[in-house]
Amino acid sequence: MKRRLLLSLLLLLSLAGSAGSVWAQARWRDLPPDERRQMRQQMREHWQQEREIRRDDGPRRWNEVPPEDRRRMREEMREQRGANSEREARPERGWRRD
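As the structure is a computational prediction, the values presented were derived from the model and not from experiment. (Residues numbered from 1 in each chain as written. Predicted model: local features only at pLDDT ≥ 70, side-chain atom pairs only at ≥ 80, totals over all residues. Heavy atoms only, no water.)

### What about the overall build of the protein?
The secondary structure content of the protein amounts to three helices and zero strands. By the burial criterion, 1% of the 98 residues in the protein qualify as buried. Accessible area for the protein stands at about 10200 Å²; split by element, carbon and sulfur atoms hold 53% of it. (Helix = DSSP H or I, 4+ residues; strand = E, 2+ residues; numbered from the N terminus. Buried < 20%, exposed > 50% of the residue type's maximum accessible area, 1.4 Å probe, protein only. Areas by Shrake-Rupley, 256 points an atom, 1.4 Å probe, with all protein chains shown as cover.)

Below you can see the structure in the form of structure tokens.
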């Protein structure tokens, strides 16, 4: 009984979420063209700022990683490559390539 109630509640919440997203999309279309243009420009600026922040953080450089960790990561990558090539070489049961 509890499970049925939980599933019903989950279904009701998902339908309410879908209706809310449709309503939000309709409001976007109701904006005048100038306001839509301005909002799109603000969104572009926001995304560009996020990209710049990520770029400033940058990926971790190899020379900052201790040598032991570098060696371990290389070995793990080699093992993964080896496992992937073995998997491609032999087809799995129940699955066939057409």
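### Considering the pattern of salt bridges
Tallied over the entire structure, the rule returns four salt bridges. With a shortest N-O distance of 3.0 Å, Arg-37 and Asp-34 are connected by a salt bridge. Highlighted residues: Arg-37 and Asp-34, both in helix α2 (residues 33-57), separated by three residues, approximately one helical turn. Look at Arg-37 and you get partly exposed, because its relative accessible area is 49%. For Glu-76, the salt bridge is made with Arg-72, and the minimal N-O distance between the two is 3.2 Å. Here the residue Glu-76 and the residue Arg-72 both occupy positions in helix α3 (residues 67-89), the gap between them amounting to four residues, near one helical turn. For Arg-72, a relative accessible area of 38% corresponds to the partly exposed category. The structure contains a network of salt bridges with shared partners spanning Asp-69, Arg-72 and Glu-76. (Salt bridge = Lys/Arg side-chain N within 4 Å of Asp/Glu carboxyl O.)

### Quick notes on a nonpolar patch on the surface
Together, Leu-9, Leu-12 and Leu-13 make up an exposed nonpolar region whose accessible area comes to about 310 Å². Considering the arrangement of structural elements, one finds Leu-12 in helix α1 (residues 2-30). For Leu-12, a relative accessible area of 55% corresponds to the exposed category. (Patch = residues over 30% accessible without salt bridge, like charges linked within 9 Å, V, L, I, M, F, W, Y side chains within 5 Å.)

### Thoughts on the confidence of the model for the protein
For the protein, mean pLDDT is 78; residues scoring 70 or higher make up 70% of the total. For the protein, the element scoring lowest by mean pLDDT is α1, at 75; α2 scores highest, at 88. (pLDDT = per-residue confidence, 0-100.)

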